[in-house]
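Residues per chain are reported as follows:
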Amino acid sequence: MNNTTKAADRTADAFGPDVQETSSQHPAMRLLLTNEFGLIALILVFAVLFTLLNPGFVSKFSLFAMGRTAAVNIMIGFSMMVVIITGGLNLSVGSIGVCAAMAAGWLMQSLGLPWYLSLVGGLGVGGALGALNGIVIVRSGLHSFIITLASMSIFFGVMIFLTHAGSFREIAPEVVAPGRMKFFGVISPLLLITFVVAGLLSVLFRFTATGRQMLAVGASPQAAELSGIRVQRMTVWCHALSGVLAGVAGLMLVSRTGAAIPSMAGQLGQDWLLPAFLGPVLGGTLLTGGRASVLGTLLGAFLVTMLTTGLLLLQIAAFWVQTYLGLLLLVAVLMDLLRRSYLARKKLV
Amino acid sequence: MLRKLMISSCLAVVALSGNAYADSSTKVALVPGGPHPYFAAWEQAGADAAKDFGLGSAEYKVPQKWELSMQNQMLESLVTQGYNAFLIFPGDPVGTVAIANELADTGAPVMALAGCLKDPSDALFCMGTDTGNSAYLGTKELLTKLAGGKGKKIAHFTGFLVDPNTQLRIDAVNKAAVEAGAEVIQVIADIDAPEPAEEKINAYLAAHAKDVDGIITTAWVPAVVASNALRKIGDKRIVMVGIDHDKVVIQAIKDGFVHGTMLQNPYGQGYIGSFAADKLRSGCKVKADAPFKTNALTNKFIDSGTVFAGINEADNYVASMQKITKTLLASFEKTYLSC
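Residues numbered from 1 in each chain as written. Chains lettered and ligands numbered in written order. Predicted model: local features only at pLDDT ≥ 70, side-chain atom pairs only at ≥ 80, totals over all residues. Heavy atoms only, no water.

This paragraph deals with the sheet that holds strand E13 (residues 307–310) of chain B. All names here are of chain B. Reading across the sheet, the six strands line up as E7-E6-E8-E9-E10-E13 and stay open at both edges, with mixed pairing between neighbours. The two strands at the open ends of the sheet, each matched to only one other strand, are strand E7 (183–188) and E13. Within this sheet the neighbouring strands show an average axis-to-axis angle of 20 degrees, counted without direction. Across three bridges, the pairing between strand E8 (residues 214–217) and strand E9 (residues 239–243) is parallel. Bridged to Ile216 within E9 is Val241. The sheet contacts of helix H7 (residues 194–208) involve strand E6 (153–157), E7 and E8, and relative to E7 the element is tilted by about 145 degrees. (Pairing = 2+ DSSP bridges. Helix = DSSP H or I, 4+ residues; strand = E, 2+ residues; numbered from the N terminus. Axes fitted to C-alpha atoms, helices over the stretch in contact; angles between N-to-C directions. Contact = heavy atoms within 4.5 Å.)

In structure tokens, the structure reads:
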């Protein structure tokens, strides 16, 4: 198999789970094997379990709060996913998200710009910082792990220096409202924003040449290069997109908290690292690149949010929550493995 | 008819008396920003308050990590679990305002404890240490021990720069030093966690111990690490004043490696906060003209007290803290509440 064929095959893999192996089977059977189906099943199982153990789990307040938290976690997952597809990492997602949020806050409060221009400015800062990561990575030839580890500290440090760790509180009501509004008493507008972004990302990776090229770069850079794809440019675009998505997550938190604050993602933005990886990895995005699952990332991040909320509601001792969360995630993965084995044994797939 | 009359009379007497009684349905949640030894006293304080004042419960709920989102998620889950009064150390003085307001919207009294929310917020008040004053008084104690402090060189080890209290502490230490003619030759911040504190304090003392006459620490972990460092190098020439009541610091005071420590009052914050939460749920209101203090974040501040504990108080520092609590509680309702 030459490089071009290999790249094409692996790129095809990006459009959906296990497309090649199961192409001759019934669509319903193929669905049973997907990560997405497994995640949906797990979400349903745990939802029933938590509801039986604590009916408050499905109270309007709980559902609203869970959806709002999940919206941000999913967006953070997306910002990592679009870099993972290139076979890279972006450890500075939290740092970029905070910088974008602080930039938007500064534009609104200090420069008095209209809220929509400020949001665009914030996203622009996020995109620019992401692109900067990408440029340094392709120019230096170093792994994105090293570059983004360094830029995480640099971006955060410069932001703290410029803002003196101060917050921006004069946020326009139009920005704050989505963080507090409820549709039908349950649905957060932030969740709807996340769904819209998920839809756009799906279109990007499934139906546009740029999206396909991004995936091809992750599948095999050499083959992609031979196919005429500008690998370095695509890598920079992926990092820029990651920065924009991190900026969206940061602005969602501004909406949630009503202020742009330096500590919204913890010291150096490290608080975002776990949700950034959990969603994509659980959702089936390959760490080696070349495959993205937008729906999987969405479901994976939602599952983690739901497990955390459920464990908190069950009043699991605080310090055990992390342990139980880890165990439940392990159980979740094993259950998914069992499901696949069962289907294979029964020759259902 | 007679029965109805009696019930009506009783209700009228209660209403007219203006008193508010303990409500066993009160479920208080005491929620720090994350795990930290400073807040450990809240657990006992809540349990004691529940027992002494007849509350339904007053429980200490710790987010497993210092993450604003983690604290927010925990607070949201506590509402679902039926908690109806909240004593919160804000994960961020600005960032926690939104969730505090949402909690208040559910009808629960919300108070900031040990650290304040930035005004405006729906928190009824903030009760904590006047951090600037504590740092100032601690530095004064240090400089007094250093023969007035004139010409002396001191180092200041403190907490995270994203905590607005840190800058207040730095300013207060500098002010006390300037007043005494001393010089703050080094401020090391962002070290209220074991790893950075060990690394930076040990490295600094290894290189500059001979240049320093005194050390003031204004955060828990740096106080512990600096106490241990002075013990390790066996240096009793350097005079140190710490903060809080970690056993390491207290033992170092007894052994002569540390001059003293500035006690704060986390127990009193939890105990009195739980008492106030129940009163507020039982119909009391915060007095419009209550004599609140003002700090950098709020104009509804109540000082939970601070006191210096030296060698003479090292064995009975708990009594010192209880004394502060007792004094504050004795006049709390009359001073701050209208029942």
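On to the packing of helix H4 (residues 60–84) of chain A against helix H13 (residues 273–283) of chain A, then. Residue and element names in this part refer to chain A. Packing of H4 against H13 leaves a shortest axis separation of 7 Å and a crossing angle of 70 degrees. In this view, H4 runs roughly perpendicular relative to H13, as classed from their interaxial angle. Packed against H4, whose contacting residues are Asn73, Ile76, Gly77, Met80, Met81 and Ile84, the element H13 presents Pro275, Ala276, Phe277 and Pro280 at the interface. (Parallel < 35°, antiparallel > 145°, perpendicular 65-115°, else oblique.)

With that out of the way, let us pick up the domain arrangement of chain B. Residues and elements named next belong to chain B. The assigned domain composition of chain B is domain 1 (15–129 + 265–306) and domain 2 (132–263). Across the boundary between the two partners, domain 1 contributes 11 residues, which contact 11 residues of domain 2. Carbon and sulfur atoms supply 67% of the area that domain 1 and domain 2 bury against each other, a total of about 870 Å² over both sides. When the area that domain 1 buries against domain 2 is broken down by residue, the three leading residues are His36, Pro37 and Thr306, summing to 46%. Taken together, the connections running from domain 1 to domain 2 amount to zero salt bridges. (Domains from an automatic or database assignment. Buried area = accessible area lost by both parts, 1.4 Å probe. Salt bridge = Lys/Arg side-chain N within 4 Å of Asp/Glu carboxyl O.)

Time to look at the packing of helix H6 (residues 115–140) of chain A against helix H7 (residues 144–163) of chain A. Residue and element names in this part refer to chain A. Contact geometry of H6 with H7 gives a least axis separation of 10 Å together with a crossing angle of 140 degrees. Comparing the axis directions of H6 and H7 gives the class oblique. Seen along the crossing, H6 lies across H7 with a hand that is right-handed. Only Ser144, Ile147, Thr148, Ser151 and Phe155 of H7 make contact with H6, whose side of the interface consists of Leu129, Leu132, Asn133, Val136, Ile137 and Ser140. Residue composition of the contact of H6 with H7, grouped by class: six nonpolar, five polar and no charged. (Left-handed = near helix turned anticlockwise from the far one by under 90°. Nonpolar A, V, L, I, M, F, W, Y, C, P; charged D, E, K, R; others polar.)

Turning our attention to a nonpolar patch on the surface. Residues and elements named next belong to chain A. A cluster of nonpolar side chains, namely Trp106, Leu111, Leu113, Trp115, Tyr116 and Leu117, defines an oily patch on the protein surface of about 580 Å² accessible area. Sorting elements by how many residues they give to the nonpolar patch places H6 first, with three residues. On the secondary structure map, Leu117 appears in helix H6. Judged by relative accessible area, which is 42%, Leu117 ranks as partly exposed. (Patch = residues over 30% accessible without salt bridge, like charges linked within 9 Å, V, L, I, M, F, W, Y side chains within 5 Å. Areas by Shrake-Rupley, 256 points an atom, 1.4 Å probe, with all protein chains shown as cover. Buried < 20%, exposed > 50% of the residue type's maximum accessible area, 1.4 Å probe, protein only.)

Next up on the list: the nonpolar core. Phe78(A), Leu201(A), Phe205(A) and Phe86(B) are the most contacted members of the largest nonpolar core, which has 105 residues in total. With 14 residues, H4(A) is the largest single contributor of residues to this core. Apart from the residues within four sequence positions on either side, Phe78(A) is in contact with Thr194(A), Val197(A), Ala198(A), Leu201(A), Leu245(A), Val294(A), Thr297(A) and Leu298(A). (Core = buried A, V, L, I, M, F, W, Y, C linked by side-chain atoms within 4.5 Å.)

Turning our eyes to something else, we now look at helix H11 (residues 317–336) of chain B. All names here are of chain B. In this model H11 runs 27 Å from its N-terminal to its C-terminal C-alpha over 20 residues, within 8% of the 28 Å that 1.5 Å per residue would give. Within H11, the axis deviates most sharply at Ala330, by approximately 30 degrees. For H11, the complete set of buried residues consists of Tyr317, Ser320, Met321, Ile324, Thr325, Leu328, Phe332 and Tyr336. (Expected span 1.5 Å × (residues − 1). Bend = angle between axes of the 7 residues up to and from the residue.)

Residue and element names in this part refer to chain B. Turning to its location among the elements, Met74 is positioned in helix H3 (residues 68–80). Residue Met74 is classed as buried on the basis of its relative accessible area, which comes to 5%. With 11 residues separating them in the primary sequence, Met74 and Pro63 have C-alpha atoms 6.6 Å apart.

Turning our eyes to something else, we now look at the side chain of Thr139(B). Residues and elements named next belong to chain B. Residue position: Thr139 is located in helix H5 (residues 131–145). Given the relative accessible area of 0%, Thr139 is considered buried. If we ignore the near neighbours within four places in the chain, the residues touching Thr139 are Ile154, Val173, Ala176, Ala177 and Ile216.

This brings us to empty space enclosed by the protein. Rolled over the atoms, a probe with the dimensions of a water molecule shows which regions are left empty. With the rule as written, the count across this model stands at three cavities of 30 Å³ or more. Estimates place the volume of the largest cavity at around 60 Å³. Looking at the largest cavity, the residues that line it are Ser62(A), Ala65(A), Met66(A), Thr69(A), Thr309(A), Leu313(A), Gln73(B), Glu76(B), Ser77(B) and Thr80(B). Counting only elements with at least two residues in the lining of the largest cavity, the list comes to H4 and helix H14 (294–313) of chain A together with H3 of chain B. Class assignment of the residues belonging to the lining of the largest cavity gives a composition of three nonpolar, six polar and one charged. (1 Å grid on protein atoms, 1.4 Å probe; cavity = no way out; pocket = protein on both sides within 12 Å on 5 of 7 lines; lining within 4 Å. Points joined across faces, edges and corners; volume = space filled by probe spheres on them.)

This part covers H7(A). Residue and element names in this part refer to chain A. The first and last C-alpha atoms of H7 sit 27 Å apart over 20 residues, in line with the 28 Å expected at 1.5 Å per residue. Listed as buried for H7 are Ser144, Ile147, Thr148, Ser151, Met152, Phe155, Phe156, Met159 and Thr163. Residues of H7 that are buried in the fold lie against helix H5 (93–109), H6 and helix H12 (231–257). Looking one or two residues past H7, His164 carries a phi angle of roughly 55 degrees, positive in sign.

This part takes up the state of the cysteines. Residues and elements named next belong to chain B. On inspection of all chains with the given rule, the structure shows two disulfides over all chains. Here Cys116 engages in a disulfide with Cys126; their sulfurs sit 1.9 Å apart. With the S-S bond torsion at -75 degrees, the cross-link from Cys116 to Cys126 turns out left-handed. In this pair, Cys116 is assigned in the loop between strand E4 (110–113) and strand E5 (126–128) and Cys126 in strand E5, connecting sequence segments 10 residues apart. For the pair Cys116 and Cys126, a shared accessibility class is recorded, and that class is buried. A sulfur-sulfur distance of 2.0 Å marks the disulfide that ties Cys284 to Cys339. One quick way to see it: the torsion about the S-S bond of Cys284 and Cys339 is about 115 degrees, and its sign makes the bridge right-handed. Pair noted here: Cys284 is in the loop between helix H10 (266–281) and strand E11 (285–286) and Cys339 is in the segment after strand E14 (337–338), with a separation of 55 residues, a long-range link. Numbered by position along the chain, the disulfide-linked cysteines of chain B connect as 1-2, 3-4. (Disulfide = S-S within 2.5 Å.)

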